[in-house]
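Residue-level structural notes
What follows is the residue order along each chain.
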Amino acid sequence: VQLVESGGGLVQPGGSLRLSCAASGFTFSIYVMNWYRQAPGKERELVVTIFSAGGSTNYADSVKGRFTISRDNAKGTVYLQMNSLKPEDTAMYYCNVRFRGNDYWGQGTQVTVSS
């Protein structure tokens, strides 16, 4: 299993970023995918989940209405569109899948929201 995130960067408050996570090594289309984030000195937190069947989603309250997760099963990629970014969104963002009982993580992509 391999997960590779990209798309992070420095953005001003109110700006937008689109993160991508390219997955390989498993049948992507049938697995639940997650985005987590971890800010310095804080625990890693679940941001959003996208389910395989039907693509239903579940967002943390802190990002509802601002972030949108999507997946392209043909490309084996999950995306996170982040709008109206706030300084408190600053964190390392990680893609995650639980495959055969084990959690797999990408290397993370840094998002910094600052003026």
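The structure this text deals with has already been given above.
A few points on the structure. Note that the structure is predicted; figures quoted are calculated from it, not measured. (Residues numbered from 1 in each chain as written. Predicted model: local features only at pLDDT ≥ 70, side-chain atom pairs only at ≥ 80, totals over all residues. Heavy atoms only, no water.)

**A word on the overall build of the protein**
Broken down by element type, the protein carries zero helices and eleven strands. Over its C-alpha atoms the protein spans a radius of gyration of 13 Å, differing by no more than 12% from the 13 Å that the globule rule assigns to 115 residues. Principal-axis analysis of the C-alpha atoms places the extent of the protein at approximately 40 × 25 × 20 Å. Classification of the 115 residues of the protein by burial places 42% in the buried group. (Helix = DSSP H or I, 4+ residues; strand = E, 2+ residues; numbered from the N terminus. Rg over C-alpha atoms; globule rule 2.2 N^0.38 Å. Buried < 20%, exposed > 50% of the residue type's maximum accessible area, 1.4 Å probe, protein only.)

**Side note on the nonpolar core**
Of all hydrophobic cores here, the largest spans 31 residues; its most connected members are W35 and Y93. Taken together, the elements giving at least two residues each to this core come down to strand 3 (17-24), strand 4 (33-38), strand 5 (45-50), strand 7 (67-72), strand 8 (77-82), strand 9 (91-99) and strand 11 (109-113). Here this core takes five residues from strand 9, the largest share from any one element. (Core = buried A, V, L, I, M, F, W, Y, C linked by side-chain atoms within 4.5 Å.)

**Re the packing of aromatic side chains**
Within the structure shown, the criterion is met by seven aromatic pairs. Their ring planes at 45° and their centres at 5.8 Å tell us that F26 and F99 sit as a pair that is tilted. With F26 in the loop between strand 3 and strand 4 and F99 in strand 9, the pair connects residues that are 73 residues apart, well separated along the chain. Measuring from centroid to centroid gives 4.9 Å for Y36 and W105, while their planes differ by 70°, and the two rings are edge-to-face. Of this pair, Y36 sits in strand 4 while W105 is found in strand 10 (residues 102-105), placing the two residues 69 residues apart along the sequence. Feature note: the residues F26, F28, Y31, F99 and Y104 constitute an aromatic cluster, connected by ring pairs. The ring of F28 is capped by R71, whose NZ or CZ atom sits 4.5 Å from the centre of that ring. (Phe/Tyr/Trp six-rings, centres within 6.5 Å; stacked < 30°, edge-to-face > 60°. Lys NZ or Arg CZ within 6 Å of the ring centre and 35° of its normal.)

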